[in-house]
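Per-entry structural report
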Amino acid sequence: MDKQKQKAVRRTRRQIGIRKRVSGTPTRPRLSVYRSLSHFYVQVIDDLSGTTLASASSLDKGIKIEGNTGGKGAAEQVGAAIAERAKAAGVTKVVLDRGGFKYHGRVKAFADAARKGGLEF
């Protein structure tokens, strides 16, 4: 198995383990993170009703990103935006679903910005 395939398998295993323990409720929805090479996407999801309460991404027109739309700066901007949108939807406490991605780099920068914006994990 080549290195890229091994990396994808490890991420999938981490993601399965996280989703076993993490579930969104109406009082504490799930903050789902996905990062690609080019962009950063997040959603606040109530798993019991199957609805998305708020979302943000580096593709949104309302988010001004200077430089790389997939970098740490973009993740911080998206974190601030999702905190603002979640508070507008009446959500202050969430549970973080990092989607199998390791908690460092862009994911950590996003989480720190979301906490600074007023979300509690």
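Higher on the page you've got the structure.
Here goes a summary of the coordinates provided. (Residues numbered from 1 in each chain as written. Predicted model: local features only at pLDDT ≥ 70, side-chain atom pairs only at ≥ 80, totals over all residues. Heavy atoms only, no water.)

1. Thoughts on a positive patch on the surface
On the surface, Lys3, Lys7, Arg10 and Lys102 cluster together to form a positively charged patch. The topology assignment puts Lys7 in helix α1 (residues 3-21). Note on Lys7: relative accessible area 51%, which makes it exposed. (Patch = residues over 30% accessible without salt bridge, like charges linked within 9 Å, V, L, I, M, F, W, Y side chains within 5 Å. Areas by Shrake-Rupley, 256 points an atom, 1.4 Å probe, with all protein chains shown as cover. Salt bridge = Lys/Arg side-chain N within 4 Å of Asp/Glu carboxyl O. Lys, Arg positive; Asp, Glu negative; His and termini not counted. Charge placed at Lys NZ, Arg CZ, Asp CG, Glu CD. Helix = DSSP H or I, 4+ residues; strand = E, 2+ residues; numbered from the N terminus. Buried < 20%, exposed > 50% of the residue type's maximum accessible area, 1.4 Å probe, protein only.)

2. Section: helix α2 (residues 72-88)
When the terminal C-alpha atoms of α2 are compared, their 24 Å separation across 17 residues agrees well with the 24 Å that a helix rising 1.5 Å per residue should span. Turning to α2, its buried residues are Ala74, Ala75, Val78, Gly79, Ala81, Ile82, Ala83 and Ala86. At its buried positions, α2 is contacted by β1 (30-35), β2 (40-46), β3 (51-57) and α3 (106-116). (Expected span 1.5 Å × (residues − 1). Contact = heavy atoms within 4.5 Å.)

3. With respect to the sheet that holds β2
What the four strands build is an open sheet, ordered β3-β2-β1-β4; its pairing is mixed. Every interior strand has two partners, whereas the edge strands, β3 and β4 (95-97), have only one. Neighbouring strand axes in the sheet, compared pairwise and without regard to direction, differ in orientation by 20° on average. By the bridge criterion, three bridges tie β1 to β4 in an arrangement that is parallel. (Pairing = 2+ DSSP bridges. Axes fitted to C-alpha atoms, helices over the stretch in contact; angles between N-to-C directions.)

4. Looking at the layout of surface pockets
Computed from the structure, the largest pocket encloses a volume of approximately 520 Å³. Together, 15 residues line the largest pocket, and Lys7, Arg11, Arg14, Arg35 and Phe101 are the ones closest to its centre. Elements supplying a minimum of two residues to the lining of the largest pocket: α1 and β1. For the lining of the largest pocket, the element with the highest residue contribution is α1, accounting for six residues. Considered class by class, the residues forming the lining of the largest pocket number four nonpolar, four polar and seven charged. (1 Å grid on protein atoms, 1.4 Å probe; cavity = no way out; pocket = protein on both sides within 12 Å on 5 of 7 lines; lining within 4 Å. Points joined across faces, edges and corners; volume = space filled by probe spheres on them. Nonpolar A, V, L, I, M, F, W, Y, C, P; charged D, E, K, R; others polar.)

5. So, the packing of α2 against α3
It is the contact of α2 with α3, at a shortest axis distance of 7 Å, that shows an interaxial angle of 35°. Between α2 and α3 lies a crossing whose hand is right-handed. In this structure, α2 uses Lys72, Ala75, Glu76, Val78, Gly79, Ala80, Ile82 and Ala83 to contact α3, whose residues at the interface are Arg106, Ala109, Phe110, Ala113 and Ala114. (Left-handed = near helix turned anticlockwise from the far one by under 90°.)

6. Structural notes on the pairing of β3
Across six bridges, the pairing between β2 and β3 is antiparallel. Across the sheet, the residue bridging to Gln43 is Ser55, located in β3. Where β2 folds back on β3, the antiparallel hairpin that results is connected by four residues, among which Gly50 adopts a positive phi of roughly 70°.

7. Looking at the pattern of salt bridges
With the rule as written, the count across this model stands at six salt bridges. A salt bridge links Asp47 to Arg30, with the nearest nitrogen and oxygen atoms 2.9 Å apart. Here Arg30 lies in strand β1 and Asp47 lies in the loop between β2 and β3, a separation of 17 residues in the sequence. Assessed through its relative accessible area of 25%, Asp47 is described here as partly exposed. As a salt-bridge pair, Asp60 and Arg85 come within 2.8 Å of each other at their nearest N and O atoms. Of the two residues, Asp60 is situated in the loop between β3 and α2 and Arg85 in helix α2; the sequence distance between them amounts to 25 residues. One continuous salt-bridge network, built from bridges that share partners, spans Arg19, Arg30, Asp47 and Asp97.

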